[in-house]
Each structure stands twice: as structure tokens, then as C-alpha cells.
Amino acid sequence: MNPYILAILLFGLSLGTTITFASSHWLLAWMGLEMNTLAIIPLMAQHHHPRAIEATTKYFLTQAAAAATLLFASVTNAWLTGQWEIQQITHPLPSTMITLALALKIGLAPLHAWLPEVLQGLDLTTGLILSTWQKLAPFALILQIQPSNSALLTILGLTSTLIGGWGGLNQTQLRKILAYSSIAHLGWMILVLQFSPSLTLLTLLTYFVMTFSTFLVFKLNKSTSVNALATSWTKAPALTALAPLILLSLGGLPPLTGFMPKWLILQELTKQGLAPTATLAALSALLSLYFYLRLSYAMSLTISPNNLTGKTPWRFPSTQLTYPLAVSTAMTICLLPLTPGISALLTP
């Protein structure tokens, strides 16, 4: 892609997110979300492949439907209460509609069906943008409106953690596995949103760091399926040794960074008297952990002659920058000891 066009599209992406962040009026927030969607579409369709075009079309249709629902709900709110302010959502009908529209935007279950299909059709770089940056603007709105319907949030959160764990079990494509991982993590964030928005924000940031590391590892290895991971030990032995730690951190295993948000969320849910919800969420994390273990096994424990049936790819020297990967990997693995300091910062 022409670097000038790429710069304009990335500028459009950041501008759309910034407009949504800065807006207090529903029309401006909607405009920011639309700019976000329109800026990423050429990036998704840049590879002229039927899968990429199909993924782009699916993404456009779902995002347009979510944006239309959001606009309709905000107009309904203005009609019922006379308010266009984002924080003045008092009526339950527009509040529920906006929550569901934003859930469709970020891919929360049961409105998640588009996310694995879309992510599967994209290259890893665009997939990374879709899994991280594109979640920021809708999340900013969810945090601002503070949905009052706690039952809806709990149902969305629990369904997402369960479907995110269950859906990834039988997958062989890495991008689909990462999509289900994204759904499960979003479920954890939504579960605790009504009790501790700062904890939701912490979970989102740790999820970003871990996902960034995972995508960069797969990109460096040029792997898009589990079988392709089996040959990565010859290409980058040191990275292959660290990759299981990154994956297990995504799964939330102590003593890695990914354990911190899960630990704090389970603690918060128990404090609020929601022990059954916390138990279900913890059990669903085991489902996710299983497919991360599968990836770790395929990557670091299958060496010749016990290789998985994968063709050895033609190898060129990698031109990818490894500094971002080094920094994010260190953060993914080593931040757990900072938990007391972070939780002290989170408490108001």
C-alpha cells in the first residue's frame, strides 16, 4: 500500500477514536465510530483475496448495523428525555439498546459471530489493529454510560467468557483462536464493569499488551495455523521458548501478568456477593487455558521426528522490528509483582 494512503488511513483511525473519546454528545460519538470503521476498511481489503473481501464486507455490515442501532437509541433517548449528553442516559430502553449496539461493535457474545470469521480473513497486522485499537472507542462509551442494567451486563459477560472458551477448543486456525480469546477477555471486562470501572480499564490494557505480543510472535514466525507453529523452533529458538509463557499469560496462569486482572476481578466479584458468577468465570478460564496449552505444545514440545504434519515454510531473514516484541513480551511475563502498587492506584 502507498505510504501516503496508509498514513491517511492510520490518521483517520486515530482521529475517529480521539473524537469518540473527547465527545460528550451522541452524534459526535457516533461520527467518531463511523470514521473508525471507514478508515480500517481499506486496510482490511488491501489484499485482493476473496477471504479478505468477504471479511471486509461482513465487518462493514455488522459495524453499520451497530452504528445505526446506536444512532436510533440516542435519538430515542433525546425524544424521551430531551438529552443528547452521553452521561445523561437515564431511560432503560435507550440504555439497553446502546449497550447491545456497543456489544455488537466489540464482539461480545451472543453478538460475537462476526468476529472469528472477520479476523480469519485478515492478515496478522490488520487483525492486531482490529483486536486492540478498534475496541478503544466503543469501550470509552461503555465506561461513560455505566449501564444501569446489571443483569444484562452479567449475562453478556458470562456468555462471552463461556463462548470464548468453548469456541476456541476445536480450532486449528490461530486467528480464530485469538478471536475467541478476545471474546473471553471482553467477557471478564464486562463482568466487573458495574463494580469497578478502573479494574475494567486495567484488564483492557493488560489484554492489549498480551495480544500485541501474541500477534507479533505469530507474525515473526509467519504462522496462521497450529501446524505451522510446529516448525517455528528452527526459525527462532529463543522466541519459541518464550512463546508458551506469552500464551499462558493470556490464559491467566500465575505467576504471569495475565493472572493479575483475573485475580482482582474474582476478588471483586466475591466481595460483591457474586460467588457463583465468579466460580463460573473461573471455570470458563480453564477452557481458554486448554487451547493455549495446545498452542504451547504445538510450538515448543513437538520437535522432529515427532513433528505435527506441517510443511516446512521457505525461510527468508525476518525484516520485522523486534524491539516492540521484546518490550511487550517482558511486560506480558513480568508485571505480576507490581499488583499491590497497581491495585493501590486503582482504589479511589
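Residues numbered from 1 in each chain as written. Predicted model: local features only at pLDDT ≥ 70, side-chain atom pairs only at ≥ 80, totals over all residues. Heavy atoms only, no water.

Going by the annotation in an unreviewed UniProt entry, the name recorded for the chain is NADH-ubiquinone oxidoreductase chain 2, with Neolamprologus toae given as the source organism. The record in UniProt for the chain states the following under Subcellular location (unreviewed entry): "Mitochondrion inner membrane". UniProt annotates the chain under Function (unreviewed entry) with the comment "Core subunit of the mitochondrial membrane respiratory chain NADH dehydrogenase (Complex I) which catalyzes electron transfer from NADH through the respiratory chain, using ubiquinone as an electron acceptor. Essential for the catalytic activity and assembly of complex I." (UniProt positions renumbered as here; feature names shortened; annotations may be inferred.)

A separate point is the nonpolar core. Formed by 46 residues in total, the largest nonpolar core has its most connected members in Tyr59, Val118, Leu122, Leu130, Val217, Phe218 and Leu295. The residue makeup of this core includes at least three contributed by each of domain 1 (1–115) and domain 2 (149–347). In terms of nonpolar packing, the next biggest core, distinct from the first, is built from 31 residues, Ile89, Met97, Ala137 and Leu143 among them. (Core = buried A, V, L, I, M, F, W, Y, C linked by side-chain atoms within 4.5 Å. Buried < 20%, exposed > 50% of the residue type's maximum accessible area, 1.4 Å probe, protein only. Domains from an automatic or database assignment.)

Overall, the coordinates contain 4 aromatic pairs when judged by the stated rule. Taking the centre distance of 4.9 Å and the plane angle of 55° together, the rings of phenylalanine 291 and tyrosine 292 count as tilted. Tyrosine 292 carries the same exposure label as phenylalanine 291, and that label is buried. A cation over an aromatic ring shows up here: lysine 262 above the ring of tryptophan 188, its NZ or CZ 5.2 Å from the ring centre. (Phe/Tyr/Trp six-rings, centres within 6.5 Å; stacked < 30°, edge-to-face > 60°. Lys NZ or Arg CZ within 6 Å of the ring centre and 35° of its normal.)

Here we come to the environment of threonine 62. In this structure, threonine 62 sits in helix α3 (residues 50–81). With 45 residues separating them in the primary sequence, threonine 62 and glycine 107 have C-alpha atoms 9.7 Å apart. In contact with threonine 62, other than residues within four places in its own chain, are Leu104 and Trp114. (Helix = DSSP H or I, 4+ residues; strand = E, 2+ residues; numbered from the N terminus. Contact = heavy atoms within 4.5 Å.)

Running from amino to carboxyl end, α3 crosses helix α4 (residues 92–106) at an angle of 165°, the nearest separation of the two axes being 8 Å. Judged by the inter-axis angle, α3 sits roughly antiparallel to α4. Viewed along their axes, α3 and α4 form a crossing whose handedness is left-handed. Class assignment for the residues of the contact of α3 with α4 results in 14 nonpolar, 6 polar and 1 charged. (Axes fitted to C-alpha atoms, helices over the stretch in contact; angles between N-to-C directions. Parallel < 35°, antiparallel > 145°, perpendicular 65-115°, else oblique. Left-handed = near helix turned anticlockwise from the far one by under 90°. Nonpolar A, V, L, I, M, F, W, Y, C, P; charged D, E, K, R; others polar.)

This part takes up the UniProt feature "transmembrane region" (unreviewed entry) in the chain. Per the UniProt record, "transmembrane region" (unreviewed entry) is found at residues 60–80, 92–115, 151–170, 177–195, 201–221, 233–253, 273–293 and 321–346. Secondary structure over residues 201–221 splits into 100% helix and 0% strand, and the C-alpha atoms at its two ends are 31 Å apart.

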